[in-house]
Amino acid sequence: MSVTLDYLEAMNTGLIAIRGTGRSGKTATAHWLLQEHLNDRPVVTLSPNPISDVTVKDFTDVPNDSTLFLDDTALYLHARKFGSKTNIQFSQVLTVYSHKDIRVLCTVQNLSLLDISAFMSQDVVLLFKHSSWHNIDQERPEFRTKVAIANLLLEDCPFPRQRYTYSSLGEIIENPLPSGWCEKSSKPYRDISLKEVIT
């Protein structure tokens, strides 16, 4: 096993963020984790997703003892919307989630897209996918060096690099495609109207 996977399996609460540019394997890695390592409780999403057991309307509806999965988190919690009702609500509920044994798994293309408060008060494990160097140049200064180091280490992995993830706990994990994975799984918003997603 691995230090990271053991740690993730023991996390009852906290935030697991998978970071990488588009098409880097973030969603596939999240699905694999949910199927193989974080499968001890129901998966909750805010929009329909094939991996979810429950879909809720907002962060306050997430049931106890569950995993909230936010794919492309910036759609819900964009840093440029700091002070918005959704961002404030998320910062507040993260504290309460720790009392309700709710953990959060999210994917994001760049940590600078998220409100920094999400990373400040919880147990956080960052999982890095291989990214473009331009994407890394746009990263938050406090994370840029970690992301660059992860990228250099991932460049030594064989292709396809989407099958590898660097953990903030200091190791590279090989993650196979999840069971039942297909191209449609990789693009959960493909058949959803933009009007349903853009607020």
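Figured I'd write up the structure that's included with this text.

Thresholds applied
Residues numbered from 1 in each chain as written. Predicted model: local features only at pLDDT ≥ 70, side-chain atom pairs only at ≥ 80, totals over all residues. Heavy atoms only, no water. Salt bridge = Lys/Arg side-chain N within 4 Å of Asp/Glu carboxyl O. Helix = DSSP H or I, 4+ residues; strand = E, 2+ residues; numbered from the N terminus. Buried < 20%, exposed > 50% of the residue type's maximum accessible area, 1.4 Å probe, protein only. Polar contact = N/O pair within 3.5 Å; in protein donor to acceptor, adjacent residues only side chain to side chain. Contact = heavy atoms within 4.5 Å. Pairing = 2+ DSSP bridges. Expected span 1.5 Å × (residues − 1). Arc of directions from axis to C-beta. Axes fitted to C-alpha atoms, helices over the stretch in contact; angles between N-to-C directions. Core = buried A, V, L, I, M, F, W, Y, C linked by side-chain atoms within 4.5 Å.

The next subject is the pattern of salt bridges. For the structure shown, the criterion picks out three salt bridges. A salt bridge links R19 to E139, with the shortest nitrogen-to-oxygen separation between them at 2.6 Å. With R19 in strand β1 (residues 14–19) and E139 in the loop between α4 (133–137) and α5 (141–154), this pair connects stretches of sequence that are 120 residues apart. The partner of R103 in a salt bridge is D40, with the nearest N and O atoms 2.4 Å apart. You can see R103 sitting in strand β5 (residues 103–108) and its partner D40 sitting in the loop between α2 (26–36) and β2 (43–45), a full 63 residues away along the chain. Overall, the relative accessible area of 0% leaves R103 in the buried class. We classify D40 as partly exposed; its relative accessible area is 47%. Within the structure, one salt-bridge network assembled from shared partners comprises D40, R41 and R103.

Relative to the helices and strands, T165 resides in strand β7 (residues 164–167). A relative accessible area of 2% places T165 in the buried class. At 2.8 Å, the side chain of T165 forms a polar contact with the side chain of K129. Once residues lying within four places of it in the same chain are set aside, the contact partners of T165 are T29, L127, F128, K129, L154, E171, I172, I173 and N175.

Further remarks concern the pairing of strand β4 (residues 67–70). A two-sided burial pattern is seen for β4, the buried positions comprising T67 and F69 on one face and L68 and L70 on the other. Note: β2 against β4, two bridges, orientation parallel. Paired with V44 across the strands is L68, a residue of β4. Bridge analysis of β4 against β5 gives four bridges, and the strand direction is parallel. Counted as the bridge partner of T67 is R103 from β5.

On to α5. With 14 residues, α5 ought to run about 20 Å at 1.5 Å a step, and its terminal C-alpha atoms sit 20 Å apart, in line with that. Turning to α5, its buried residues number three or more, namely F143, V147, A148, A150, N151 and L154. All buried residues of α5 lie within an arc of 165° about the axis, which places them on one face of the element. Exposed and facing more than 90 degrees away from the buried side of α5 are P141 and T145. The elements touched by buried residues of α5 are β1, β6 (124–128), α4, β7 and β8 (172–174).

One open sheet holds the eight strands; their spatial order is β3-β2-β4-β5-β1-β6-β7-β8, and the pairing between them is mixed. Two strands close off the open sheet at either side, each with one partner strand: β3 (54–55) and β8. Where β7 meets β8, three bridges bridge the pair, whose relative direction is antiparallel. Residue pairing across strands places Y164 opposite E174, the latter belonging to β8. Packing of helix α1 (residues 3–10) onto the sheet brings it into contact with β1, β5, β6, β7 and β8, and relative to β6 it is tilted by some 135°. Strand contacts of α2: β1, β2, β4, β5, β6, β7 and β8, with the helix running at about 160° to β5, the strand carrying the most contacts.

This part covers the nonpolar core. Counting residues in each nonpolar core, the largest one holds 31 residues, and the members touching the most others are F59, V62, L68, L70, F90, Y97 and V104. Every element with two or more residues in this core is listed here: β1, β4, α3 (85–100), β5, β6, α5 and β7. Per element, the largest residue contribution to this core is five residues, and it comes from α5. Residues L5, M11, L38 and I173 belong to the second largest nonpolar core, which totals 17 residues.

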